[in-house]
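Chain residues, written in single-letter form:
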Amino acid sequence: MDTLTSLRVFCMVAELKSFTAAADRLGLSPAMASKHVMHLENRLGTRLLNRTSRHVSITETGMLYFNQARQMLDGLDEVEAAVSNVTVMPRGILKFSAPVWIANTLIARTIAEYHQRYPDVRFDMDLSGRIVNLVDEGFDLALRATTPERLDPSLIARPLMEVGFHLVGAPAYLSRTGRPVALADLNGHSLLLYSGMNADGSLAFKGPQGPETVNFRPVMQSENEIMLHLAALEGMGLVFLPVWMTQTDIAEGRLELVLPDAVKFSATLHAVYPSRKYLSAKVRTFIDFLASRKNLCSSASDNQSAG
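Residues numbered from 1 in each chain as written. Predicted model: local features only at pLDDT ≥ 70, side-chain atom pairs only at ≥ 80, totals over all residues. Heavy atoms only, no water.

(A) Looking closely at the overall build of the protein chain. Along the protein chain, the regular secondary structure elements total 11 helices and 13 strands. Across the 307 residues in the protein chain, those meeting the buried criterion constitute 46%. Here the analysis covers contacts within the protein chain between residues at least 6 apart in sequence; of these, 75% occur between residues at least 24 apart. Accessible surface, the protein chain as shown: approximately 15500 Å² in total, 52% of it carbon and sulfur. (Helix = DSSP H or I, 4+ residues; strand = E, 2+ residues; numbered from the N terminus. Buried < 20%, exposed > 50% of the residue type's maximum accessible area, 1.4 Å probe, protein only. Contact = heavy atoms within 4.5 Å. Areas by Shrake-Rupley, 256 points an atom, 1.4 Å probe, with all protein chains shown as cover.)

Spelled out as structure tokens, the structure:
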């Protein structure tokens, strides 16, 4: 039995969680699809899939094998396409991680547009905010907003777009504590702190006389921007959030910009992926698609200013 074909069958069954659906997609009988998976299991001496009459699930060993096999097959398809000068259509599961604040209308619309163009690609998104191990956990790529020096040098990082961050606070909080009119007025203000920032709440900004350090008073620290956003709405303190997360709240009066010309900053959103010579069609086209939407952030900024 051809092991390469068995690999393709196994990956299709693992993706679709169904022998019948995988067999139909590959033009095989369910019985033959089962034989291909059994061939791999006998070859490896371990179970890759758990089967019942109604359900198929992947074992822990099967997941490790699937992550590596899928990358290998994607690369093989790209090599064959390059040699034969044939375009490979993107397909399969695109697994990626991203910051929590990626969950917004603009990005959702972009993903929907990509899916409309490439309907055979399905998405598996991790928006936990944690830094995943791309290779060990089987991720195709990650979207990370950071500076180049903080990225893993063993990975490839492609800049996609600039994301603007503003300092905001609820009207109730600002009425209670006073609205800052200069950088010095920010000293001692309560700050809802993102975990990647200085834990003591000290931040440097460009003041009229040069660099100026502001010492906030951290009252909450979290790597989840949604929690920080909700706490800010409750008047707990000031918070730095991406433009995408705050534009509606500012337009409708739930949040206010604080010293927008003095304390705004931006971070570069990168597409980060393992260093492989041949990127799969789904990864390459998705990264290119995001890169072509660089106006997403400027559109959000324009909408916020207009509000």
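(B) Broad picture of helix α1 (residues 3-16). For α1, built from 14 residues, the straight-helix expectation of 20 Å at 1.5 Å per residue is met to within 8% by its first-to-last C-alpha distance of 20 Å. Considered for burial, the residues of α1 that qualify are S6, L7, V9, F10, C11, M12, V13, A14 and E15. Among the residues trailing α1, K17 stands out with phi positive, at a value near 55°. (Expected span 1.5 Å × (residues − 1).)

(C) View of helix α7 (residues 225-233). Of all the positions in α7, only E225, L228, H229, A231 and A232 are classed as buried. Looking straight down α7, one finds that the buried residues subtend no more than 165° of arc, so they occupy a single side. Here the buried face of α7 lies against β7 (190-194), β10 (217-222), β11 (238-242) and α8 (243-251). Just downstream of α7, G235 is the residue with a positive phi angle, here 80°. (Arc of directions from axis to C-beta.)

(D) How the structure looks around unusual backbone geometry. Positive phi, normally seen in glycine, also occurs at K17, with a value near 55°. Note that K17 resides in the loop between α1 and α2 (19-26). Judged by its relative accessible area of 53%, K17 is exposed.

(E) Layout of the environment of A231. Looking at where A231 falls in the secondary structure, it is placed in helix α7. We classify A231 as buried; its relative accessible area is 4%. The spacing of A231 and L192 is 39 residues in sequence and 7.7 Å in space, taken between C-alpha atoms. Look past the residues within four positions of A231 in its chain and what remains in contact with it is L192, M220 and M236.

(F) Fine view of the side chain of H189. Position of H189 relative to the elements: it lies in the loop between α6 (171-177) and β7. The residues touching H189, leaving out its near neighbours within four places in the chain, are Y173, T177, G178, P180, F216, R217 and L238.

(G) Summary view of the packing of α1 against helix α3 (residues 30-44). Where α1 contacts α3, the axes come no closer than 8 Å and their chain directions differ by 110°. Taken together, the axis directions place α1 and α3 in an arrangement best described as roughly perpendicular. Considering how the two elements wind past one another, α1 and α3 form a crossing that is left-handed. Every residue of α3 that contacts α1 at T3, T5, S6, L7, V9 and F10 is listed here: A33, H36, V37, H39, L40 and R43. (Axes fitted to C-alpha atoms, helices over the stretch in contact; angles between N-to-C directions. Parallel < 35°, antiparallel > 145°, perpendicular 65-115°, else oblique. Left-handed = near helix turned anticlockwise from the far one by under 90°.)

(H) Focus on the environment of L191. Relative to the helices and strands, L191 resides in strand β7. Residue L191 is classed as buried on the basis of its relative accessible area, which comes to 0%. Considered as a pair, L191 and L238 are 47 residues apart in the sequence and their alpha carbons are 4.9 Å apart. Among residues more than four places away in sequence, those in contact with L191 are L167, L203, F216, R217, P218, V219, M220, L238, V239 and F240.

(I) Highlighting the side chain of N67. Checked against the element boundaries, N67 lands in helix α4 (residues 60-84). If sequence neighbours within four positions are ignored, N67 has contacts with D136, E137 and G138.

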